[in-house]
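Overview (structure and organization)
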Protein chains: 2
Amino acid sequence: MCQLLGMNCNVPTDIVFSFTGFAMRGGHTDTHHDGWGIAFFEGAGVRHFVDHQAAVASPVAELIKRYPIKSKNVIAHIRKATQGQVALENCHPFVRELWGRYWVFAHNGDLKDFHPVLDGPYRPVGNTDSERAFCYLLQQLRERFGAVAPALPALRAALAELVRGVAAHGTFNMLLSSGTELFAHCSTNLFYVVRQHPFVTAKLSDDDVTVDFSTLTTPQDRVAVIVTEPLTTNEAWTGFAPGELKLFVDGWPVEGESV
Amino acid sequence: MCQLLGMNCNVPTDIVFSFTGFAMRGGHTDTHHDGWGIAFFEGAGVRHFVDHQAAVASPVAELIKRYPIKSKNVIAHIRKATQGQVALENCHPFVRELWGRYWVFAHNGDLKDFHPVLDGPYRPVGNTDSERAFCYLLQQLRERFGAVAPALPALRAALAELVRGVAAHGTFNMLLSSGTELFAHCSTNLFYVVRQHPFVTAKLSDDDVTVDFSTLTTPQDRVAVIVTEPLTTNEAWTGFAPGELKLFVDGWPVEGESV
């Protein structure tokens, strides 16, 4: 199994603190050493870093920890290979373009007998069940909505249905973003916390690091962090229900049809 | 105008030496300070780094210079904005997927009145003439060949025709690779050198750096480097003819129909 980390904010925020703890699980406090990756939206653009080395040993991960890239939407992944060999093309997150926007996707879990017909423009480059699922989702969205992106409620409804179909094949914890929103689906393990005013001092579970967010933020800042296992020992993480698809916008989970 | 750097090799090779000189032009020995980018194929996967900071000031460029990523196909670009604002989504190289392979593209030049109908699956995310041209090329290739990649000679012939059409709109020096080959088209400025046994000591034009390739290579290694302006003062660079599309495979320009 792998681990997921997502961040959705109302102002561009750096992920150095959360990534530092998360990256420790890539071969140090946990056994996810078959590669890692992270993608940051910056406006419409994406910075995409993948490495088939363990995150703890990767010079690129070292750069991420030192260089505070600010982003409103980030998706990261550390991999323990279940399907597909250890190779760069199998590292999450994956990136494709649909409707003139980049889409970033990462998956934790294992899909059995999931071989959808991919006869549209999205074909896997590697050989993971995850990239197949991503290509399938984009193919179906493009088929349903044609050349023009739908409004967010319609997109959410379509994704809820599509994701349910994929999850019928196994474990499908996943994060998906096109730069303004972040979708998170839970089959088994996913937690989130919203960091907002008044900010607290947080302590990482995986490393001897604390940070006082109140010194780094303004009272208007809001940051949702979504992760496979809680990253800190002194924040109130909320568990997703199995089968739940949440939509985060501006650092906040959007309920029901209220998008 | 921008500058291009490409590398095509018969064995995975690091580009640290050539990139070091090239990056100096990103704000130091030349004025290309509106961002930069580089993409390395590693097997079927791609490492893609883009930054809207000048290459001389970028911590990511610093990483590339220190971390010898080995690749058989590399495309790099430093940008001086002519069309499209300075933003991450406008940094070359651009990456898309076609036929289950990633395609990497970078362009130097300026296209006038180039607004092709993009009604297929490839839409620009940013607002450069270059990304429009890339989307157009992929759309046309997909339209001609359908779901299955053609053999290299057919691909070369199709690209020669498509590129001629694009170049009719202005200056279209470009590099394009899907990981096993590298296409290079010259409108105005493009040079290449093939480094092979017996290897020499090369001296960068843009920095006080020399390297003795014979200490870093085996006699079987062959590396083609393609660039807007020659990078070294003591190697024999060959200029492209205007309108010429060259195909490089295994570190060598493939002539005529002999692919």
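For the structure itself, consult the block above.
Rules and cut-offs
Here the residue index of a chain counts from 1 through its sequence in written order. Both sets of labels track the order of writing: A upward for chains, 1 upward for ligands. Under the rules for a predicted model, residues below a pLDDT of 70 receive no local features and side-chain atom pairs below 80 are neither given nor counted, while totals for whole chains, interfaces and linings still include all residues. Based on all heavy atoms of the structure, the side-chain values leave hydrogens and waters out of the count. Per the convention used, a helix needs a DSSP run of H or I reaching at least four residues, while a strand needs a run of E reaching at least two, with both numbered from the N terminus. In this setup the radius of gyration rests on C-alpha atoms only. A globule is expected at 2.2 Å times the number of residues raised to 0.38. Categorising residues by exposure relies on relative accessible area from a 1.4 Å probe, with only protein chains included: less than 20% of the type maximum marks a residue as buried, more than 50% marks it as exposed, and the intermediate range marks it as partly exposed. Contacts: residue pairs with any heavy atoms within 4.5 Å of one another. For the accessible areas, the method is Shrake-Rupley and the probe is 1.4 Å, while residue cover comes only from the protein chains on display. Note on pairing: DSSP must find at least two bridges between two strands before they are called paired. For helices, the fitted line uses only the C-alpha atoms of the stretch in contact; every axis is such a line through C-alpha atoms, and the angle between N-to-C directions lies from 0 to 180 degrees. To define a nonpolar core, start from buried Ala, Val, Leu, Ile, Met, Phe, Trp, Tyr and Cys residues and group those joined through side-chain atoms within 4.5 Å. Here the expected length of a helix is defined as 1.5 Å per residue gap, with one fewer gap than residues. Here, the arc refers to the directions that run from the helix axis to the C-beta atoms. In this analysis, the protein atoms alone were mapped onto a 1 Å grid. Cavities are point sets where a 1.4 Å probe fits without being able to get out; pockets are open sets with protein on both sides within 12 Å along at least five of seven lines; lining residues have an atom within 4 Å of a point. Grid points are joined across faces, edges and corners, and a volume is the space filled by probe spheres set on the points. Gly counts as polar in this scheme, as do all residues outside two lists: the nonpolar Ala, Val, Leu, Ile, Met, Phe, Trp, Tyr, Cys and Pro, and the charged Asp, Glu, Lys and Arg. Superposition of the copies used a least-squares fit over C-alpha atoms from residues whose pLDDT is at least 70 in both. Working rule for angles: under 35 degrees goes down as roughly parallel, over 145 as roughly antiparallel, 65 to 115 as roughly perpendicular, anything else as oblique. Two parts lose some accessible area (1.4 Å probe) when they are put together, and adding that loss for both gives the buried area. Between Lys or Arg on one side and Asp or Glu on the other, a salt bridge is scored when a side-chain nitrogen of the former is within 4 Å of a carboxyl oxygen of the latter.

1. Notes on the overall build of chain A
- For chain A, the count of helices and strands is four helices and 15 strands.
- Relative to the compact-globule value of 18 Å for 259 residues, chain A shows a C-alpha radius of gyration of 17 Å, a close match.
- Dimensions of chain A, computed from the C-alpha atoms along their principal axes, are close to 50 × 40 × 30 Å.
- Looking at chain A as a whole, 60% of its 259 residues qualify as buried.
- When contacts within chain A are restricted to residue pairs at least 6 apart in sequence, long-range pairs at least 24 apart make up 71% of them.
- Just so you have it, chain A exposes about 9,300 Å², and 53% of that area is on carbon and sulfur atoms.

2. Details of the sheet that holds strand E15 (residues 252-254) of chain A
Residue and element names in this part refer to chain A.
- Ordered in space as E5-E6-E7-E8-E14-E15, the six strands form an open sheet in which the pairing is antiparallel. The open sheet has two free edges, formed respectively by strand E5 (94-98) and E15, since each of these has just one partner strand. Each adjacent strand pair in this sheet contributes to an overall mean axis angle of 25°, direction not counted.
- Packed on one face of the sheet, helix H3 (residues 129-145) meets E5, strand E6 (101-108) and strand E7 (173-177) and runs near 10° to E5.
- Its contacts with the sheet place helix H4 (residues 152-167) against E6, E7, strand E8 (181-185), strand E14 (245-249) and E15, and it is angled at close to 25° to E8.

3. Brief notes about the pairing of strand E14 (residues 245-249) of chain B
Residues and elements named next belong to chain B.
- In terms of burial, E14 is a largely internal element, four of the five residues being buried.
- Bridge count for strand E8 (residues 181-185) against E14 is five bridges, and the pairing is antiparallel. When the sheet's bridge partners are listed, Glu181 is paired in E14 with Val249.
- For E14 and strand E15 (residues 252-254), the ladder comprises three bridges, and the chain directions are antiparallel. Its bridge partner being in E15, Val249 is matched across the sheet by Trp252.

4. Topic: the environment of A:Pro198
Residue and element names in this part refer to chain A.
- Assignment of secondary structure puts Pro198 in the loop between strand E9 (191-196) and strand E10 (201-203).
- A relative accessible area of 63% means that Pro198 is categorised as exposed.
- Taking C-alpha positions, Pro198 is 7.2 Å from Ser214, a pair spaced 16 residues apart along the chain.

5. So, the nonpolar core
- Core analysis: the biggest nonpolar cluster contains 54 residues, and A:Trp36, A:Ile38, A:Phe49, B:Trp36, B:Ile38 and B:Phe49 have the highest contact counts within it.
- With near-sequence residues (within four places) excluded, A:Ile38 lies in contact with A:Ile15, A:Phe19, A:Arg47, A:His48, A:Phe49, A:Ile64, A:Val74, A:Ile75, A:Ala76 and A:Pro93.
- Counting 51 residues, the second-largest nonpolar core is a separate cluster that includes A:Val95, A:Leu175, B:Val125 and B:Leu245.

6. Some thoughts on H4(A)
All names here are of chain A.
- Helix length check: H4 (16 residues) gives 22 Å between terminal C-alpha atoms against 22 Å at 1.5 Å per residue, within 8%.
- Along H4, the residues classified as buried are Leu155, Arg156, Ala158, Leu159, Leu162, Val163 and Val166. All buried residues of H4 lie within an arc of 170° about the axis, which places them on one face of the element.
- Where the residues of H4 are buried, they touch E6, H3, E7, E8, E14 and E15.

7. A short note on helix H3 (residues 129-145) of chain B
Residue and element names in this part refer to chain B.
- Taking 1.5 Å of rise per residue, 17 residues should cover 24 Å, and H3 covers 24 Å from first to last C-alpha, within 8% of that figure.
- Burial analysis of H3 places 13 of its 17 residues in the buried class, which makes it a mostly covered element.
- Directly after H3, the chain includes Gly146, whose backbone phi takes a positive value near 70°.

8. As for empty space enclosed by the protein
- Within the structure shown, the criterion is met by five cavities of 30 Å³ or more.
- Space inside the largest cavity adds up to approximately 430 Å³.
- The residue inventory of the lining of the largest cavity, partitioned by class, reads 20 nonpolar, four polar and six charged.

9. So, the sheet that holds E14(B)
Residues and elements named next belong to chain B.
- The six strands are arranged E5-E6-E7-E8-E14-E15 in an open sheet whose pairing can be described as antiparallel. Looking at the sheet topology across the chains shown, the edges are occupied by strand E5 (94-98) and E15. Across the sheet, the mean angle separating the axes of adjacent strands is 25° when strand polarity is ignored.
- Set on the sheet, H3 makes contact with E5, strand E6 (101-108) and strand E7 (173-177); between it and E5 the angle comes to about 10°.

10. Structural notes on the relation of the copies chain A and chain B
- Laying chain A over chain B is done by rotating through 180° and shifting 0.0 Å along the axis; what remains is an RMSD of 0.0 Å. What we have between these two chains is a two-fold relation.

11. Quick word on the packing of helix H1 (residues 16-24) of chain B against helix H2 (residues 59-66) of chain B
Residue and element names in this part refer to chain B.
- Their axes nearest at 8 Å, the elements H1 and H2 cross at an angle of 150°. Our classification of the angle between H1 and H2 gives roughly antiparallel. Of the residues in H2, those touching H1 at Val16, Phe19 and Thr20 are Ala61, Ile64 and Lys65.
- In terms of residue class, the contact of H1 with H2 is built from four nonpolar, one polar and one charged.

12. A look at the interface of chain A and chain B
- Between chain A and chain B, the contact holds 33 residues from the first and 33 residues from the second.
- When chain A packs against chain B, close to 2,800 Å² is buried across both sides, 55% of that on carbon and sulfur atoms.
- Counting the contacts that link chain A with chain B gives four salt bridges.
- Among the ionic pairs, B:Arg47 bridges to A:Asp51, the shortest N-O distance being 3.0 Å.

13. Focus on the pattern of salt bridges
- Counted according to the given criterion, the structure contains 17 salt bridges over all chains.
- A salt bridge links B:Lys112 to B:Asp110; its shortest N-O distance comes to 3.2 Å.
- Residue classification places B:Asp110 among the buried residues on the basis of a relative accessible area of 17%.
- B:Glu161 is the partner of B:Arg144 in a salt bridge, and the nearest nitrogen-oxygen pair spans 3.1 Å. Residue B:Arg144 is found in helix H3, and its partner B:Glu161 is found in helix H4 (residues 152-167); the two are separated by 17 residues along the sequence.
- Residue classification places B:Glu161 among the partly exposed residues on the basis of a relative accessible area of 44%.
- Salt bridges here are not isolated pairs; linked through shared partners, they connect A:Glu42, A:Arg47 and B:Asp51.

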